[in-house]
Amino acid sequence: MNSIRVRLGVLGLALLTGLTTPNAASAAPAAPSPTVEEQRLGRAAPQEILRRSGFDTVAPRLARALEAARTYEEARRAVTREGARLWQRAVDRAQGRGPAGGDLSRDDDRPLYWARLGMTREVRTWEPDFGLTDGQRAALLDVLERTSRGQDAIRYPHGKGLKRILLTGFDPFTLDRDVRISNPSGATALALDGTVVETADGPARIETAVFPVRWRDFTDGTVERTLRPHLPKVDLFTTVSQGRVGRFDIERTNGAWRGGFGDNENVGRTETVPVADPASQPQWTTTTLPYAAIVAAPTGRFPVYDNTSVTEIPAGGTQPVVRPEGPTPGSTARAGGGGDYLSNEIAYRATLLRDRLGLRDTLPGGHVHTPVLQFGAGNTTEVTDPDFVRNRLDIIAQVRAILRVAAEGK
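A quick note: this is a predicted structure, and the numbers were derived from the prediction, not measured.

Quick look at the overall build of the chain
Here's step 1: When helices and strands are counted, the chain shows 13 helices and 14 strands.
Here's step 2: Residues classed as buried in the chain amount to 53% of the 410 residues present.
Here's step 3: Put simply, 77% of the contacts in the chain that link residues at least 6 apart link residues at least 24 apart.
Here's step 4: As displayed, the chain has an accessible area near 18,000 Å², and 54% of this comes from carbon and sulfur atoms.
Here's step 5: Charged side chains of the chain number 53 positive and 49 negative; the gap between the two group centres comes to 3 Å.

In structure tokens, the structure reads:
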């Protein structure tokens, strides 16, 4: 009799467990691990940058908001709100509004980059009680990327007499080589967003956004999704990235080729740039910026070049050849003037979009490469120094001057 009671008790426990514990098929997917990019957050330099700017509070704030969320809809609202708050806070800090939050110079783009990664890590590893599908998590990450990069905040005032300029920048990159790196194009985007530059033809309003240094985002169409609504309405656009030491370049030609260099996730791609409707995809696109006027103008302390060089496989050939004067008819792209990395690709995608929208003859647009942002001589450990700040401020000021010349050149 005792053994019968034991067996009945075990059976009852098994039935109760089956009623109260979800089976493996119905359980929410486990949260993924942080990405390679997010894992760099633990290093000393990113933590110092966050602390010295006051942006070390950003990710914990989002974590608390997620913890308070009781549904996916509440979580999405929290992520949208906090992503937009981060972008606006970074813009305000760069333009001297609100508290500095620490002694790091206001022109620094790195607090935005590292704070965003803290936020994406929180979303990526969050495991709410109500469960989260892979699709829902991906949607939260997508909205966080868009809002915290200013990609959904591009708005121009209504009215006549005001020109519209659109500028894009990039995150820091090559961080395994030096995790302290800043990207002057991203700093420029923060410094100029929503500002007005006076031209000989009247005022011009600048709106900006920042893009990731990740191949997968470009494959997924982040550039086209962001720029397509605005290109038909602007008077000028330029994509901006960090290029060569000590010089600006106006890149004359962009190539449809990925050269394989590792991105911020340490992933490389060697292939033709993947775009919609590849059957009509050209090997080359060209700038419509007024490059001659820009090169001739006194815009700042760095020299500015009209860069015409490309690397191609000539028609009927098999090996890449450098062409200093640009591509030859029927050739296959292996590098644009801006190389074969994501700076060339954003220029290619933006100018291809311009052409496909029928704006080739009416909309000035192209790519500007800034000088490499360098630390002061001998600084191999500190996250900032006076020369580093001065170089970044000078680059920002010169991009602004280039935009003024380009707007007048139209």
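Now that the structure is up, let's keep going.
What about the environment of Ala90?
Here's step 1: As for its position among the elements, Ala90 is in helix α5 (residues 72–94).
Here's step 2: With a relative accessible area of 5%, Ala90 lands in the buried category.
Here's step 3: Considering only alpha carbons, one finds Ala90 and Arg110, 20 residues apart in sequence, at a separation of 9.6 Å.

A look at the packing of α5 against helix α7 (residues 134–148)
Two quantities define a packed helix pair, namely the angle between the axes and the distance from one axis to the other.
Here's step 1: Direction vectors running N to C along α5 and α7 enclose 20 degrees, while the axes themselves pass 7 Å from each other. Relative to α7, the element α5 lies roughly parallel. Crossing hand, α5 versus α7: right-handed. Contacts between α5 and α7 involve Tyr72, Ala75, Arg76, Val79, Thr80, Gly83, Ala84, Leu86 and Trp87 on the former and, on the latter, Gln136, Ala139, Leu140, Val143, Leu144, Thr147 and Ser148.
Here's step 2: Among the residues making up the contact of α5 with α7, the classes are represented as ten nonpolar, five polar and one charged.

What about the side chain of Arg258?
Here's step 1: Note on placement: Arg258 falls in strand β7 (residues 257–259).
Here's step 2: In terms of polar contacts, Arg258 uses its side chain to reach the backbone carbonyl oxygen of Trp215, at 3.4 Å.
Here's step 3: A polar side-chain atom of Arg258 sits 2.7 Å from a polar atom in the side chain of Glu271.
Here's step 4: Excluding residues that lie within four positions of it along the chain, Arg258 makes contacts with Trp215, Phe218, Thr219, Arg269, Thr270, Glu271, Val273, Pro274, Asp340, Glu345 and Arg349.

Here is what the cut-offs are and how they apply
Residues numbered from 1 in each chain as written. Predicted model: local features only at pLDDT ≥ 70, side-chain atom pairs only at ≥ 80, totals over all residues. Heavy atoms only, no water. Helix = DSSP H or I, 4+ residues; strand = E, 2+ residues; numbered from the N terminus. Buried < 20%, exposed > 50% of the residue type's maximum accessible area, 1.4 Å probe, protein only. Contact = heavy atoms within 4.5 Å. Areas by Shrake-Rupley, 256 points an atom, 1.4 Å probe, with all protein chains shown as cover. Lys, Arg positive; Asp, Glu negative; His and termini not counted. Charge placed at Lys NZ, Arg CZ, Asp CG, Glu CD. Axes fitted to C-alpha atoms, helices over the stretch in contact; angles between N-to-C directions. Parallel < 35°, antiparallel > 145°, perpendicular 65-115°, else oblique. Left-handed = near helix turned anticlockwise from the far one by under 90°. Nonpolar A, V, L, I, M, F, W, Y, C, P; charged D, E, K, R; others polar. Polar contact = N/O pair within 3.5 Å; in protein donor to acceptor, adjacent residues only side chain to side chain.

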